[in-house]
Amino acid sequence: DQQVKQNSPSLSVQEGRISILNCDYTNSMFDYFLWYKKYPAEGPTFLISISSIKDKNEDGRFTVFLNKSAKHLSLHIVPSQPGDSAVYFCAASAGGAQKLVFGQGTRLTINP
Amino acid sequence: GAVVSQHPSWVICKSGTSVKIECRSLDFQATTMFWYRQFPKQSLMLMATSNEGSKATYEQGVEKDKFLINHASLTLSTLTVTSAHPEDSSFYICSASSSQQARYYEQYFGPGTRLTVT
């Protein structure tokens, strides 16, 4: 049972435009969500997170939106830069637990 | 800050041998370390969670006698793949977090270890 789903395996965006990566979850107990960025043959790097008590969190070019009723979150990157090309994973945790459940990842390619 | 290292970065071993992978938190005390496995083009699958000084908690379907995890100090955890087989070939990634951090649920990942069993 895939509790965290990223239904788009890949996304291609023009440099300077907005990149929107989506993530859906099924477990209503999840109360903290994170986005990680991963380059090939490297470990994931933490990007941004959001608690379920919020619906938006912003950090520079990165903004995460959470829609609890739809069990959906999205990561917006604006403006997109070539260095943003990577695989992006969303992850979720429940009840203060440190265990994270990851989505399948979305490969983002920024075209110059 | 929050740097996690892994060693080796890649290893090739023969079927039937054992391989040890080290995970170190370089600039913080990791009260909890996690071991993941990633197959090509797939998500990170949590294998086990270990707290310093106690036995690891394995996820369902992960053989604890095959994947031995030791978390003897606040900066070091090891994963030993025993009697490795070709199907154990994968990318193994560790992560660490600290209960002393305000956001203790954030995990910091190592660079990963590519294991190839021939």
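Basis of the calculations
Residues numbered from 1 in each chain as written. Chains lettered and ligands numbered in written order. Predicted model: local features only at pLDDT ≥ 70, side-chain atom pairs only at ≥ 80, totals over all residues. Heavy atoms only, no water. Pairing = 2+ DSSP bridges. Helix = DSSP H or I, 4+ residues; strand = E, 2+ residues; numbered from the N terminus. Axes fitted to C-alpha atoms, helices over the stretch in contact; angles between N-to-C directions. Disulfide = S-S within 2.5 Å. Salt bridge = Lys/Arg side-chain N within 4 Å of Asp/Glu carboxyl O. Buried < 20%, exposed > 50% of the residue type's maximum accessible area, 1.4 Å probe, protein only. Contact = heavy atoms within 4.5 Å.

Undergrad: Can you tell me about the sheet that holds strand β3 (residues 19-25) of chain B, naming the residues and giving the values?
TA: Residue and element names in this part refer to chain B. On the basis of which strands lie adjacent, the open sheet formed by four strands has the order β1-β3-β8-β7 and antiparallel pairing. Of all the strands in the sheet, the pair left with one neighbour each is β1 (4-7) and β7 (67-73). Mean inter-strand twist for the sheet, computed between neighbouring axes without regard to direction, equals 15 degrees. Taken together, the six bridges between β3 and strand β8 (residues 76-81) define a ladder with antiparallel strand orientation. Among the inter-strand pairings, valine 19 is bridged to a residue of β8, identified as valine 81.

Undergrad: With reference to specific residues and values, describe the state of the cysteines.
TA: Residue and element names in this part refer to chain A. For the structure shown, the criterion picks out two disulfides over all chains. Across the disulfide, cysteine 23 is cross-linked to cysteine 90 (sulfur-sulfur distance 1.9 Å). Because the sign of the S-S torsion sets the handedness, a value of about 60 degrees for the bond joining cysteine 23 and cysteine 90 places this disulfide among the right-handed ones. Taken together, the residues cysteine 23 in strand β3 (residues 19-25) and cysteine 90 in strand β9 (residues 86-94) connect sequence positions 67 residues apart.

Undergrad: Give me the lowdown on the pattern of salt bridges, citing residues and values where you can.
TA: If the charged atoms of two oppositely charged side chains come close together, the side chains can form a pair. Counted under the stated rule, the structure contains four salt bridges over all chains. Between aspartate 84 of chain A and arginine 61 of chain A there is a salt bridge, and its shortest N-O distance comes to 2.8 Å. Taken as a pair, aspartate 84 of chain A in the loop between β8 (72-77) and β9 and arginine 61 of chain A in the loop between β6 (56-59) and β7 (62-67) lie far apart in primary sequence, 23 residues in all. With relative accessibility at 2%, the residue aspartate 84 of chain A sits in the buried group. Between lysine 66 of chain B and aspartate 88 of chain B there is a salt bridge, and its shortest N-O distance comes to 2.9 Å. Taken as a pair, lysine 66 of chain B in the loop between β6 (57-58) and β7 and aspartate 88 of chain B in the loop between β8 and β9 (90-97) lie far apart in primary sequence, 22 residues in all.

Undergrad: Explain the side chain of threonine 63 of chain A to me, using residue names and the numbers behind them.
TA: Residues and elements named next belong to chain A. When you line up the elements, threonine 63 lands in strand β7. Of the residues examined, threonine 63 reaches a relative accessible area of 9% and is grouped as buried. Aside from chain neighbours lying at most four places away, what touches threonine 63 is Ile48, Lys56, Asn57, Glu58, Ser74, Leu75 and His76.

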